[in-house]
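Structure assessment
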Amino acid sequence: MQIILASNSPRRRELLAGLDIDFDIHVLQGIDESYPPDLPVDEVAAYISKSKAAAYQTVISPDQLVITADTIVVLGDRVLGKPVDREDAVGMLRALSGQTHKVITGVCLTTLGAQRSFSVTSEVTFKCLTDEEIFYYVDHYQPYDKAGAYGIQEWIGYVGVTGLKGSYFNVMGLPVQRIYQELVAMIGREGLIRGDKALP
(Lines give C-alpha, C1' and ligand atoms only; values in the text may rest on other atoms or scores of the structure.)
Protein backbone atom coordinates (compact mmCIF):
# COMPACT_ATOMS: atom_id res chain seq x y z
CA MET A 1 0.00 0.00 0.00
CA GLN A 2 1.40 3.39 -1.01
CA ILE A 3 0.89 5.87 1.82
CA ILE A 4 0.32 9.52 0.87
CA LEU A 5 0.53 12.40 3.32
CA ALA A 6 -1.74 15.18 2.14
CA SER A 7 0.07 18.04 3.87
CA ASN A 8 2.68 20.68 3.12
CA SER A 9 3.55 21.00 6.80
CA PRO A 10 7.24 20.25 7.43
CA ARG A 11 6.35 19.27 10.99
CA ARG A 12 3.87 16.64 9.84
CA ARG A 13 6.41 15.26 7.37
CA GLU A 14 9.01 15.02 10.12
CA LEU A 15 6.60 13.32 12.52
CA LEU A 16 5.30 10.76 10.02
CA ALA A 17 8.89 9.98 8.96
CA GLY A 18 9.55 9.13 12.61
CA LEU A 19 7.34 6.04 12.21
CA ASP A 20 9.91 4.55 9.80
CA ILE A 21 7.40 4.06 7.00
CA ASP A 22 7.71 5.06 3.37
CA PHE A 23 5.31 7.74 2.21
CA ASP A 24 4.87 10.32 -0.52
CA ILE A 25 3.56 13.88 -0.38
CA HIS A 26 0.63 14.94 -2.54
CA VAL A 27 -1.32 18.10 -1.83
CA LEU A 28 -4.43 19.18 -3.71
CA GLN A 29 -5.00 22.92 -3.90
CA GLY A 30 -8.20 24.81 -3.23
CA ILE A 31 -9.84 22.42 -0.74
CA ASP A 32 -12.59 24.08 1.27
CA GLU A 33 -11.61 24.07 4.95
CA SER A 34 -14.70 25.84 6.27
CA TYR A 35 -17.10 24.22 8.71
CA PRO A 36 -20.68 24.85 9.88
CA PRO A 37 -20.79 27.65 12.48
CA ASP A 38 -22.96 25.57 14.81
CA LEU A 39 -20.59 22.57 14.77
CA PRO A 40 -19.36 21.67 18.29
CA VAL A 41 -15.73 22.79 18.64
CA ASP A 42 -14.57 19.27 19.52
CA GLU A 43 -15.79 18.06 16.11
CA VAL A 44 -14.27 20.79 13.91
CA ALA A 45 -10.85 19.22 13.28
CA ALA A 46 -12.34 15.83 12.37
CA TYR A 47 -14.89 17.51 10.08
CA ILE A 48 -12.18 19.39 8.18
CA SER A 49 -9.95 16.31 7.86
CA LYS A 50 -12.91 14.39 6.38
CA SER A 51 -13.57 17.24 3.95
CA LYS A 52 -9.96 17.08 2.81
CA ALA A 53 -10.21 13.28 2.44
CA ALA A 54 -13.30 13.60 0.24
CA ALA A 55 -11.29 15.60 -2.29
CA TYR A 56 -8.80 12.74 -2.63
CA GLN A 57 -11.28 9.90 -3.08
CA THR A 58 -11.67 10.72 -6.76
CA VAL A 59 -7.92 10.79 -7.50
CA ILE A 60 -6.39 7.91 -5.52
CA SER A 61 -5.86 4.41 -6.89
CA PRO A 62 -6.76 1.09 -5.23
CA ASP A 63 -3.25 0.63 -3.85
CA GLN A 64 -3.05 4.04 -2.17
CA LEU A 65 -3.91 5.26 1.32
CA VAL A 66 -4.10 8.99 1.97
CA ILE A 67 -3.65 10.66 5.35
CA THR A 68 -5.43 13.98 5.81
CA ALA A 69 -5.26 15.99 9.02
CA ASP A 70 -6.27 19.29 10.56
CA THR A 71 -5.17 20.80 13.87
CA ILE A 72 -7.04 23.46 15.82
CA VAL A 73 -6.49 25.22 19.12
CA VAL A 74 -9.56 25.59 21.34
CA LEU A 75 -9.75 28.10 24.17
CA GLY A 76 -13.05 27.75 25.96
CA ASP A 77 -15.57 27.62 23.13
CA ARG A 78 -13.40 29.63 20.74
CA VAL A 79 -11.51 28.01 17.86
CA LEU A 80 -8.14 29.61 17.15
CA GLY A 81 -6.96 28.96 13.62
CA LYS A 82 -3.91 30.35 11.87
CA PRO A 83 -3.34 34.07 12.51
CA VAL A 84 -3.86 36.35 9.55
CA ASP A 85 -1.26 38.93 10.61
CA ARG A 86 0.97 40.12 13.46
CA GLU A 87 -1.86 41.75 15.38
CA ASP A 88 -3.92 38.57 15.19
CA ALA A 89 -0.99 36.43 16.37
CA VAL A 90 -0.29 38.73 19.30
CA GLY A 91 -3.96 38.68 20.24
CA MET A 92 -4.08 34.89 20.21
CA LEU A 93 -1.01 34.56 22.42
CA ARG A 94 -2.36 37.13 24.86
CA ALA A 95 -5.56 35.09 25.06
CA LEU A 96 -3.62 31.85 25.68
CA SER A 97 -1.37 33.48 28.31
CA GLY A 98 -1.93 32.02 31.77
CA GLN A 99 -4.59 29.63 30.45
CA THR A 100 -5.06 25.96 29.68
CA HIS A 101 -6.32 25.22 26.18
CA LYS A 102 -6.99 22.17 24.03
CA VAL A 103 -5.16 21.18 20.86
CA ILE A 104 -7.27 18.87 18.71
CA THR A 105 -6.00 17.10 15.60
CA GLY A 106 -8.51 15.38 13.37
CA VAL A 107 -7.12 12.64 11.13
CA CYS A 108 -8.67 10.68 8.30
CA LEU A 109 -7.10 7.56 6.75
CA THR A 110 -8.71 6.88 3.39
CA THR A 111 -8.51 4.19 0.73
CA LEU A 112 -10.96 3.52 -2.07
CA GLY A 113 -12.60 0.82 0.03
CA ALA A 114 -12.32 2.01 3.61
CA GLN A 115 -11.95 5.03 5.85
CA ARG A 116 -10.99 5.56 9.48
CA SER A 117 -11.57 8.93 11.10
CA PHE A 118 -10.59 10.02 14.60
CA SER A 119 -9.41 12.99 16.61
CA VAL A 120 -6.87 13.29 19.41
CA THR A 121 -6.97 15.96 22.12
CA SER A 122 -4.11 17.30 24.23
CA GLU A 123 -4.23 20.00 26.89
CA VAL A 124 -1.53 22.68 27.08
CA THR A 125 -1.01 25.22 29.87
CA PHE A 126 0.89 28.47 29.37
CA LYS A 127 2.42 30.63 32.08
CA CYS A 128 1.48 34.30 32.05
CA LEU A 129 3.39 35.63 29.05
CA THR A 130 4.70 39.18 28.98
CA ASP A 131 4.10 41.37 25.97
CA GLU A 132 7.87 41.44 25.46
CA GLU A 133 7.94 37.64 25.22
CA ILE A 134 4.97 37.59 22.86
CA PHE A 135 6.44 40.29 20.61
CA TYR A 136 9.83 38.56 20.55
CA TYR A 137 8.31 35.24 19.55
CA VAL A 138 5.98 36.61 16.89
CA ASP A 139 8.67 38.83 15.33
CA HIS A 140 11.41 36.21 15.30
CA TYR A 141 9.39 33.05 14.54
CA GLN A 142 6.45 34.47 12.54
CA PRO A 143 4.00 31.70 13.49
CA TYR A 144 1.45 32.53 10.81
CA ASP A 145 1.22 28.95 9.59
CA LYS A 146 0.37 27.56 13.04
CA ALA A 147 -3.02 27.20 14.70
CA GLY A 148 -3.14 29.31 17.83
CA ALA A 149 -0.09 31.27 16.64
CA TYR A 150 2.49 29.03 18.28
CA GLY A 151 4.59 25.92 17.83
CA ILE A 152 5.28 24.05 21.05
CA GLN A 153 8.63 22.89 19.66
CA GLU A 154 9.78 26.50 19.23
CA TRP A 155 11.09 29.13 21.67
CA ILE A 156 7.65 29.96 23.08
CA GLY A 157 7.18 26.32 24.07
CA TYR A 158 10.53 26.25 25.86
CA VAL A 159 9.84 29.34 27.94
CA GLY A 160 6.06 29.40 28.17
CA VAL A 161 4.54 25.93 28.45
CA THR A 162 4.17 24.85 32.07
CA GLY A 163 1.93 21.82 31.58
CA LEU A 164 0.99 19.22 28.99
CA LYS A 165 -1.62 16.48 29.23
CA GLY A 166 -1.71 14.07 26.32
CA SER A 167 0.45 13.66 23.24
CA TYR A 168 3.24 16.19 22.63
CA PHE A 169 3.39 15.15 18.97
CA ASN A 170 -0.32 15.83 18.63
CA VAL A 171 0.33 19.42 19.71
CA MET A 172 3.01 19.61 17.01
CA GLY A 173 0.36 18.60 14.48
CA LEU A 174 0.17 14.82 14.09
CA PRO A 175 -0.76 12.17 16.70
CA VAL A 176 1.67 9.63 15.30
CA GLN A 177 1.17 6.95 17.97
CA ARG A 178 -2.55 6.79 17.17
CA ILE A 179 -1.86 6.94 13.44
CA TYR A 180 0.50 3.96 13.70
CA GLN A 181 -2.14 2.04 15.65
CA GLU A 182 -4.83 2.82 13.08
CA LEU A 183 -2.58 2.01 10.10
CA VAL A 184 -1.78 -1.38 11.60
CA ALA A 185 -5.50 -2.03 12.10
CA MET A 186 -6.26 -0.99 8.51
CA ILE A 187 -3.51 -2.58 6.46
CA GLY A 188 -1.50 -4.72 8.90
CA ARG A 189 2.13 -4.45 9.94
CA GLU A 190 3.20 -6.20 6.77
CA GLY A 191 1.83 -3.21 4.88
CA LEU A 192 4.09 -0.83 6.79
CA ILE A 193 7.48 -1.36 5.23
CA ARG A 194 10.46 0.93 4.88
CA GLY A 195 12.92 -0.29 2.30
CA ASP A 196 13.25 -4.06 2.81
CA LYS A 197 12.49 -4.01 6.55
CA ALA A 198 9.11 -4.90 7.98
CA LEU A 199 8.20 -3.08 11.18
CA PRO A 200 7.66 -5.07 14.38
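So, here is what we can say about the structure in this document. Remember, it's a predicted structure, so these values are computed and weren't measured experimentally. (Residues numbered from 1 in each chain as written. Predicted model: local features only at pLDDT ≥ 70, side-chain atom pairs only at ≥ 80, totals over all residues. Heavy atoms only, no water.)

Now for the pattern of salt bridges. Under the defined criterion, the tally for this structure stands at eleven salt bridges. Residue Arg11 is joined to Asp145 by a salt bridge in which the shortest nitrogen-to-oxygen separation is 3.6 Å. Placement of Arg11 in helix α1 (residues 10-17) and of Asp145 in the loop between α4 (131-141) and α5 (155-160) is noted, with a sequence separation of 134 residues between them. Between Lys52 and Glu33 there is a salt bridge; the shortest N-O distance is 4.0 Å. Remark: Glu33 occurs in the loop between β2 (24-25) and α2 (41-56) and Lys52 occurs in helix α2; sequence separation between them is 19 residues. Judged by its relative accessible area of 10%, Lys52 is buried. Within the structure, one salt-bridge network assembled from shared partners comprises Arg11, Asp145, Lys146 and Glu154. (Salt bridge = Lys/Arg side-chain N within 4 Å of Asp/Glu carboxyl O. Helix = DSSP H or I, 4+ residues; strand = E, 2+ residues; numbered from the N terminus. Buried < 20%, exposed > 50% of the residue type's maximum accessible area, 1.4 Å probe, protein only.)

This part takes up α2. Turning to α2, its buried residues number three or more, namely Val44, Ala45, Ala46, Ile48, Ser49, Lys52, Ala53 and Tyr56. Each element contacted by the buried residues of α2 is listed here: β3 (64-75), β5 (100-110) and β6 (115-126). (Contact = heavy atoms within 4.5 Å.)

Attention now goes to the packing of helix α3 (residues 86-96) against α4. Between α3 and α4, the shortest axis-to-axis distance is 10 Å and the interhelical angle comes to 135 degrees. Between α3 and α4, the interaxial angle falls into the category oblique. For α3 against α4, the interelement crossing comes out right-handed. Across the interface between the two elements, Arg86, Ala89, Val90, Leu93 and Arg94 from α3 touch Asp131, Ile134, Phe135, Tyr137, Val138 and Asp139 from α4. (Axes fitted to C-alpha atoms, helices over the stretch in contact; angles between N-to-C directions. Parallel < 35°, antiparallel > 145°, perpendicular 65-115°, else oblique. Left-handed = near helix turned anticlockwise from the far one by under 90°.)

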